[in-house]
Amino acid sequence: MAISTGTKKIKTAVFISGTGSNLENLIKFSKLVKSPISIEQIISDNPKAKGLKFGKYFKIKTAVYNFRNINKAEKEILSDLRKKKINFICLAGFMKILSKKFIQNFRGKIINIHPSLLPKYKGLNTHQRVIKNKENFSGCTVHIVNSKLDAGKIILKKKVKISKKENSKSLARKILIQEHKLYPRAIKKLLSSL
Ligand code: GAR
């Protein structure tokens, strides 16, 4: 799947499961003249995801798939994305694990943001584990998605200092601010290298 970063923006889908603050941030980024992406589709596994409201607000199509049958959901998503000629995917708080087969259809063109300094603290409940272990630093990482959880090639990371009074909620807020700066930078970096 060739990607052109010329004047044409790359048709992109964003996958979410929850609040969608990264989604909102990516939509705003995509509207900048110099942005390499245009967001054509929002996908969620969760019909109650708050972030779905941004579809209505920014007039972007949304679709919810039932991941109880992951095979069926992925087949439908794939066909939907192909129809719309979407060949770049940003995971933004998407809490389901995509299959190897699905990922292979988009080799190197699915990226994710994770709220830790990968390879440390892969998986769930990152902030709680970081606080429990009395780490001095945490942060966020944008990486390419491969078949292993939070283990694909790292595009960019941002370090955040943990204060003495930090709790998992305050840390999550602090890191989210950095996520919103990091994700667009990582997209630009990746797409200008293809
Ligand atoms: C973000 O902190 C993101 O890094 C994290 O979920 C949050 C979603 O916030 N993602 C993961 O933990 C993925 N394993 P948002 O819905 O407001 O963008």
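Residues numbered from 1 in each chain as written. Predicted model: local features only at pLDDT ≥ 70, side-chain atom pairs only at ≥ 80, totals over all residues. Heavy atoms only, no water.

### Notes on the state of the cysteines
Covalent bonding between the sulfur atoms of two cysteines defines a disulfide. What the rule picks out here adds up to zero disulfides. Its sulfur unpaired, Cys140 is 15 Å from the next cysteine sulfur, which belongs to Cys90. (Disulfide = S-S within 2.5 Å.)

### Digging into the packing of helix H1 (residues 21-30) against helix H6 (residues 168-192)
Axis separation between H1 and H6 bottoms out at 10 Å; the angle between their running directions is 45°. Between H1 and H6, the interaxial angle falls into the category oblique. Read as a crossing pair, H1 and H6 show a hand that is right-handed. Counted together, Ser21, Asn22, Asn25, Leu26 and Phe29 of H1 and Leu176, Glu179, His180, Tyr183, Pro184, Ile187 and Lys188 of H6 form the full contact between these two elements. For the contact of H1 with H6, a count of residues per class yields six nonpolar, four polar and two charged. (Axes fitted to C-alpha atoms, helices over the stretch in contact; angles between N-to-C directions. Helix = DSSP H or I, 4+ residues; strand = E, 2+ residues; numbered from the N terminus. Parallel < 35°, antiparallel > 145°, perpendicular 65-115°, else oblique. Left-handed = near helix turned anticlockwise from the far one by under 90°. Contact = heavy atoms within 4.5 Å. Nonpolar A, V, L, I, M, F, W, Y, C, P; charged D, E, K, R; others polar.)

### Comments concerning the nonpolar core
One finds Phe88, Ile111, Tyr183 and Ile187 to be the most contacted residues of the largest nonpolar core, which totals 37 residues. Per element, the largest residue contribution to this core is eight residues, and it comes from H6. Formed by 20 residues, the second largest nonpolar core is a distinct cluster that contains Ala63, Ala73, Ile77 and Ile89. (Core = buried A, V, L, I, M, F, W, Y, C linked by side-chain atoms within 4.5 Å. Buried < 20%, exposed > 50% of the residue type's maximum accessible area, 1.4 Å probe, protein only.)

### Thoughts on the pattern of salt bridges
The full count for this structure, using the stated rule, is six salt bridges. Between Lys96 and Asp45 there is a salt bridge, with its nearest N and O atoms 3.6 Å apart. Here Lys96 is found in the loop between strand E4 (88-91) and helix H4 (100-104), whereas its partner Asp45 is found in the loop between strand E2 (37-44) and helix H2 (53-58), with 51 residues between them in sequence. Since its relative accessible area comes to 37%, Lys96 is described here as partly exposed. (Salt bridge = Lys/Arg side-chain N within 4 Å of Asp/Glu carboxyl O.)

### Things to note about the pairing of strand E6 (residues 137-144)
The buried fraction of E6 is high, at seven of eight residues. Summarising the sheet, strand E5 (residues 110-114) and E6 pair through four bridges and their orientation is antiparallel. Counterpart to His114 in the pairing with E6 is Thr141. Pairing analysis gives seven bridges linking E6 to strand E7 (residues 154-161), with the strands arranged antiparallel. (Pairing = 2+ DSSP bridges.)

### Looking at the side chain of Ser38
Among the secondary structure elements, Ser38 is positioned in strand E2. Taking relative accessible area as the criterion, Ser38 reaches 18% and is therefore assigned buried. There is a polar contact of 2.5 Å between the side chain of Ser38 and the side chain of Glu40. Not counting the four nearest positions on each side in its chain, Ser38 is found in contact with Lys9, Ile10, Lys11, Thr12 and Ser30. (Polar contact = N/O pair within 3.5 Å; in protein donor to acceptor, adjacent residues only side chain to side chain.)

### Some thoughts on the packing of aromatic side chains
Counted according to the given criterion, the structure contains six aromatic pairs. Measuring from centroid to centroid gives 6.4 Å for Phe15 and Phe102, while their planes differ by 55°, and the two rings are tilted. Here the residue Phe15 occupies a position in strand E1 (residues 10-16), and Phe102 occupies one in helix H4, the gap between them amounting to 87 residues. On the basis of relative accessibility, which here comes to 0%, the residue Phe15 falls in the buried class. Between Phe102 and Phe106, the aromatic rings sit 5.5 Å apart at their centres with planes inclined by 35°, giving tilted as the arrangement. For Phe106, a relative accessible area of 3% puts it in the buried group. Through pairs of rings, three or more aromatic residues link up here, namely Phe15, Phe67, Phe94, Phe102 and Phe106. Here Lys159 stacks its cationic end above the ring of Phe137, 4.4 Å away from the centre of that ring. Above the face of the Phe137 ring, Lys161 is positioned so that its terminal group lies 5.2 Å from the ring centre. (Phe/Tyr/Trp six-rings, centres within 6.5 Å; stacked < 30°, edge-to-face > 60°. Lys NZ or Arg CZ within 6 Å of the ring centre and 35° of its normal.)

### Brief notes about a positive patch on the surface
A cluster of basic residues, Lys153, Lys158, Lys181, Arg185 and Lys189, forms a positive patch at the surface. Residue placement: Lys153 occurs in the loop between E6 and E7. Here Lys153 falls in the exposed class, since its relative accessible area comes to 63%. (Patch = residues over 30% accessible without salt bridge, like charges linked within 9 Å, V, L, I, M, F, W, Y side chains within 5 Å. Areas by Shrake-Rupley, 256 points an atom, 1.4 Å probe, with all protein chains shown as cover. Lys, Arg positive; Asp, Glu negative; His and termini not counted. Charge placed at Lys NZ, Arg CZ, Asp CG, Glu CD.)

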